[in-house]
Amino acid sequence: MSREGYKSGFVSIIGRPNVGKSTFLNRVIGQKIAIMSDKPQTTRNKIQGVYTTNDAQIIFIDTPGIHKPKHKLGDFMMKVAENALKEVDLILFMINAEEGFGRGDAFIIERLKKINTPVFLVINKIDQVHPDDLLPLIEQYKSLYEFAEIVPISALQGNNIETLIEQIKKYLPEGPQYYPADQVTDHPERFIIAELIREKALHLTREEVPHSIAVVIDAIERRQDSSTVYVSATIIVERDSQKGIIIGKQGRMLKEIGQRARVDIEALLGSKVFLELWVKVQKDWRNKLSQLRDFGFRE
Ligand code: GDP
Ligand code: K
Ligand code: MG
């Protein structure tokens, strides 16, 4: 569903172990979050929870690899971690007010300097320190990195959480409500899978088809007694000519789109994927949609 003024986006929470990342997420839960820890592992970005209100949806993402590694990570892995942080709208860098600055933080800040995503410094466990000790800590971190906002909280006691949420919303772009408000979806990856397919279609056709093409996921099923996930999706175009481009000579283009998308979806879901792609012409589907929106219809 998409609505004017509605904000949505992806937020990554990073920080040393035990600073309170999980406590914060659980605190934000109320009834508004859907923890998705039991969902299929993703190799890069795992959705940890979705916070939905009537004006915004915040999708909290776990981006592994940014923390100081026990073993030396290869440059490639480091790049992967950095890219993952580039893809989110906002990063919450959480620290423990009690502990202060540590080497793990220096490592993270070095990584943050390589990306443009805005970063909040979230100072947790303020219930454990005297307010007078907070200012020097803030000054110290300020001198190391230009944080977009600095927000002291207590995840345990719930102090200042509302303020943090309001600040987060300010940094989210306008966007759709990706996930149902009060329903834990079985497949939070649905939207991402659709976007992966759309991206491949646009890229491989060198954008000969307009960005307005849509991808609808018809089914995601884990086949019994099989480790394979079956995904069926339909690419919706507006014209027969576009359908021709997407399918390509003897179906070669569609096959290529499918193969490339499958590789990414397998990485996302962490399992083998059987991907079935269909192409459908739906004339003027965009116009119809915007007309419907004028009547209050929500996608
Ligand atoms: P994570 O490793 O970053 O996910 O940290 P956790 O959320 O597991 O928290 C580590 C410990 O810190 C737990 O014992 C929490 O109860 C505690 N903790 C988290 N937030 C706060 C806080 O705001 N104040 C206090 N006093 N303790 C906290
Ligand atoms: K976004
Ligand atoms: Mg944790």
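Please refer to the structure higher up on the page.
Residues numbered from 1 in each chain as written. Chains lettered and ligands numbered in written order. Predicted model: local features only at pLDDT ≥ 70, side-chain atom pairs only at ≥ 80, totals over all residues. Heavy atoms only, no water.

(A) Layout of the environment of Ser 227. Tracing the sequence through the fold places Ser 227 in the loop between strand 7 (214-222) and strand 8 (228-237). Residues Ser 227 and Val 273, spaced 46 residues apart in sequence, show a C-alpha to C-alpha distance of 8.6 Å. Those residues in contact with Ser 227, other than ones at most four positions away along the chain, are Arg 222, Ser 271 and Lys 272. (Helix = DSSP H or I, 4+ residues; strand = E, 2+ residues; numbered from the N terminus. Contact = heavy atoms within 4.5 Å.)

(B) Quick look at the nonpolar core. Counting residues in hydrophobic clusters, the biggest one holds 55 residues, and the most contacted among them are Phe 93, Leu 112, Ile 193, Ile 197, Ile 235, Ile 246 and Ile 265. Not counting chain neighbours up to four residues away, the residues in contact with Ile 246 comprise Ala 201, Thr 205, Val 209, Ile 213, Ile 235, Val 237, Met 253, Leu 254, Ile 257 and Val 279. Grouped together as the second largest cluster of nonpolar side chains are 22 residues, Phe 60, Phe 120, Ala 155 and Ile 168 included. (Core = buried A, V, L, I, M, F, W, Y, C linked by side-chain atoms within 4.5 Å. Buried < 20%, exposed > 50% of the residue type's maximum accessible area, 1.4 Å probe, protein only.)

(C) Spatial organisation of the site of ligand 1. In the neighbourhood of ligand 1, 14 residues make up the surrounding shell, with Asn 18, Lys 21, Thr 23, Lys 125 and Asp 127 lying closest. Protein contact buries 72% of the 580 Å² of open area that ligand 1 shows by itself. Looking at side-chain class alone, the shell around ligand 1 contains four nonpolar, seven polar and three charged residues. (Near = heavy atom within 4 Å. Areas by Shrake-Rupley, 256 points an atom, 1.4 Å probe, with all protein chains shown as cover. Nonpolar A, V, L, I, M, F, W, Y, C, P; charged D, E, K, R; others polar.)

(D) Quick peek at the pattern of salt bridges. Counted by the stated rule, this structure contains 10 salt bridges. Residue Arg 198 is joined to Glu 195 by a salt bridge in which the shortest nitrogen-to-oxygen separation is 3.3 Å. Taken together, the residues Arg 198 and Glu 195, both in helix 6 (residues 190-204) and three residues apart, mark about one turn of the helix. Among the salt bridges present, the one from Glu 199 reaches Lys 200, with a minimum N-O distance of 2.6 Å. Judged by its relative accessible area of 10%, Lys 200 is buried. (Salt bridge = Lys/Arg side-chain N within 4 Å of Asp/Glu carboxyl O.)

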